[in-house]
Structures are given as C-alpha cells and as structure tokens.
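Per-entry structural report
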Amino acid sequence: MGKIIGFSGSPTKGGVMESAMIKVMESSGHDYELIRLSKKQIKFCTGCVACASTNQCVFRDDMDELLKKFMDADAVVFGGITRHNGVNAIMKNFMERFSPLFHRKMLSKGKPVAILSSGLATAHEAYRDMAEFVQNFRMEEVGSLETGGNASCYKCGFGETCAYSAFLAINGKDAKLSDDPYYYFDRDSECVQKAEDLGKSIAKRLKEKN
Ligand SMILES: Cc1cc2nc3c(=O)[nH]c(=O)nc-3n(C[C@H](O)[C@H](O)[C@H](O)COP(=O)(O)O)c2cc1C
C-alpha cells in the first residue's frame with residue numbers, strides 16, 4: 001500500500017478543492033493524507049540561495065515537515081485554486097519554498113504528481129502555474145483535473161447590486177442569488193468521474209513503479 005500526500009492550497013474547509021482532492025486520492029485505493037497549507041506556517045522565500053550549497057532552507061518552519069512528507073510520499077496531489085487569474089498565494093508560496101530540492105540534486109525528480117485546479121472561469125490559469133512548477137522540478141505529471149468554482153460575490157452580500165459583480169456579469173443583470181449559483185463538486189458528475197479516473201491513473205502509475 002502506497003502513501004499519497006495531498007497539499008491543498010484552498011483556505012476553504014470542505015470546499016471545492018478539498019472535495020476534489022479527496023475524491024482523487026480515495027479513488028486511488030491507497031492510503032492518503034490531506035494537508036491544508038492554509039494552516040501551516042510557511043515563510044516567504046527571500047531568494048538568499050543558501051540552499052544551493054546545502055539543499056536545505058535557512059528557515060526552520062513547517063516547510064521542514066512538508067518537504068519531508070513530499071519526499072517520503074509515493075505520489076503527490078497538488079490542489080491550487082485560481083485567484084485573479086493565477087494560482088493563489090498559499091500554493092505559490094509553498095511552491096517557491098521547494099528550491100532546496102532543486103539545486104544540483106533535483107531531489108524532486110520523477111515524483112508522480114496529479115495537478116488539481118479550480119476556478120469560477122479560469123481554473124486553467126492555476127493549472128498552468130502549477131504545471132510549470134512540476135516541469136521545472138522534473139516531477140512526473142500523471143494527470144490533471146480542472147473543476148468549477150465560486151465567485152466571492154456569491155457570499156459578500158452585494159452580489160445582486162454591485163456594479164462590478166461577477167455574479168451579475170455571468171448570470172445577467174436580473175439574476176438572483178436565491179437561484180443558488182454555487183458550484184458543488186459532488187454534483188458535477190462529469191468532473192467526479194474524471195477525479196475517479198485520475199485516482200486510478202495514480203494507482204496504475206504506482207503499480208508500474210513497484
Ligand atoms: C478573491 C478571489 C478571487 C478569485 N479569482 C478568480 C479568478 O480569477 N478566476 C476564477 O476562475 N476564479 C476565481 N475565484 C474563484 C475561486 O477560484 C473559487 O472560489 C475556488 O476555485 C473554489 O475553491 P474552494 O471551494 O476550495 O475555495 C476567486 C475567488 C476569490 C475569493
């Protein structure tokens with residue numbers, strides 16, 4: 001039985017990203033752990049490049065534990081959400097702190113990973129940011145999944161009246177929030193199927209490796 005670690009960049013407990021990640025990891029049939037990066041203390045990379053000679057960061061924070069979990073995992077799932085047309089800062093900050101694995105040894109090389117992204121309209125932008133990171137760190141992308149998402153305008157209280165409402169822009173000026181505009185991963189049967197297939201692809205990859 002292999003171990004899969006899922007690193008979620010979403011701050012939403014039980015939200016779209018967590019639901020999608022759990023579905024993928026469960027479908028693999030392997031043991032898994034979901035880590036909420038929003039709960040971790042991760043300092044910003046300062047670019048001091050001390051890790052070039054030591055393969056270790058000068059900071060002692062939760063990244064020590066997270067990089068160890070990454071290294072020990074048989075496969076990894078990265079879950080990033082889209083904010084302002086790019087991967088959100090929680091995931092981006094986490095990715096920037098991978099530099100100690102990169103220099104000279106490329107310790108991340110060959111790690112099987114699945115990339116999950118979600119967004120109201122531009123989940124692909126978050127995917128792009130994570131996929132480039134995965135390529136640069138010579139990890140192996142087993143597959144990816146892009147889900148729908150939810151606008152902050154659904155719950156800010158001004159969704160039906162604000163001149164800049166994404167809710168009205170998408171659904172028309174007379175749209176009502178009572179029509180429940182929310183995207184629920186579990187109700188998107190096509191996406192759920194893709195998540196199950198991705199989980200099985202991870203399992204297949206782990207079988208090939210062993
Ligand atoms: C401040 C903010 C900015 C966002 N920007 C985008 C965006 O540029 N493109 C997009 O498709 N979704 C955008 N979203 C929607 C999020 O990506 C969506 O809430 C997320 O995918 C849902 O995942 P969660 O339930 O795990 O939070 C934004 C959401 C917030 C709160």
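Each chain carries its own residue numbering, running from 1 in the direction its sequence is written. It should be noted that, the model being predicted, local features are given only for residues of pLDDT at least 70 and side-chain atom pairs only at 80 or more, the latter also being counted only at that level, while totals for whole chains, interfaces and linings use all residues.

If you check an unreviewed UniProt entry, the chain appears there as NADPH-dependent FMN reductase-like domain-containing protein from Marinifilum breve.

1. Looking at the pairing of strand β1 (residues 3-8)
Under the convention used in this document: For every residue, the other C-beta atoms within 10 Å of its own C-beta are counted; 20 or more classify it as buried, 12 or fewer as exposed, and values in between as partly exposed. C-beta atoms are placed from the backbone. Secondary structure is summarised from DSSP: a helix means a run of H or I of at least four residues, a strand means a run of E of at least two, and numbering begins at the N terminus for each. In short, DSSP must find at least two bridges between two strands for them to pair. By definition, the crossover connecting two strands over a helix is right-handed if that path, from the first strand to the second, turns clockwise as seen with the strands pointing away from the viewer.
Counting buried positions over the six residues of β1 gives five, a clear majority of the element. Sheet topology places β1 next to strand β2 (residues 31-36); six bridges connect them, and they run parallel. Note on β2: the bridge partner recorded for Phe7 is Ile35. A crossover connection joins β1 to the parallel β2 through helix α1 (residues 16-27); in handedness this β-α-β unit is right-handed. Both β1 and strand β3 (residues 75-83) contribute to a ladder of five bridges, which runs parallel. Residue Ile5 lies in a different strand from β3, and its bridge partner there is Val76.

2. Some points on the domain arrangement of the chain
In plain terms, the rule: Domain start and stop positions are those given by an automatic or database domain assignment.
Each assigned domain of the chain is listed here: domain 1 (3-148 + 184-204) and domain 2 (151-182). Each of domain 1 and domain 2 was reduced to a C-alpha centroid, and the two centroids are 30 Å apart.

3. Overview of helix α8 (residues 189-209)
Definition in use: By this rule the span expected of a helix is its residue count minus one, scaled by 1.5 Å. As used here, the arc is the angular range of directions from the helix axis to the C-beta atoms. Contact criterion: two residues are in contact if their C-beta atoms, reconstructed from the backbone, are within 7 Å.
Helix length check: α8 (21 residues) gives 30 Å between terminal C-alpha atoms against 30 Å at 1.5 Å per residue, within 8%. Burial in α8 covers these residues: Cys191, Ala195, Leu198, Gly199, Ile202 and Leu206. Burial along α8 is one-sided: seen end-on, the buried residues are contained in an arc of 100°. Exposed positions of α8 whose direction lies more than 90 degrees from the buried face are Ser189, Glu190, Gln193, Lys204, Lys207 and Glu208. Packed against the buried residues of α8 are β1, α1, β3, β5 (112-118) and β6 (140-147).

4. Notes on the UniProt feature "domain: NADPH-dependent FMN reductase-like" (unreviewed entry) in the chain
To keep it simple, the criterion reads: UniProt positions are given in the numbering used here, feature names are shortened, and annotations may be inferred rather than shown by experiment.
UniProt records the feature "domain: NADPH-dependent FMN reductase-like" (unreviewed entry) at residues 3-139, using the numbering of this structure. Secondary structure across residues 3-139 comprises 38% helix and 22% strand; the distance between its end C-alpha atoms is 17 Å.

5. Focus on the nonpolar core
Just so we agree on the cut-off: Take the buried Ala, Val, Leu, Ile, Met, Phe, Trp, Tyr and Cys residues, join any whose C-beta atoms are within 7 Å, and the set you get is a nonpolar core.
Ranked by size, the top nonpolar core spans 46 residues in total, and within it Ala20, Val24, Val76, Val77, Val113, Ala114 and Leu116 carry the most contacts. Ranked by residue count, the leading element in this core is α1, at seven residues. In contact with Ala114, other than residues within four places in its own chain, are Val24, Val77, Val142, Gly143, Ser144, Leu198 and Ile202.

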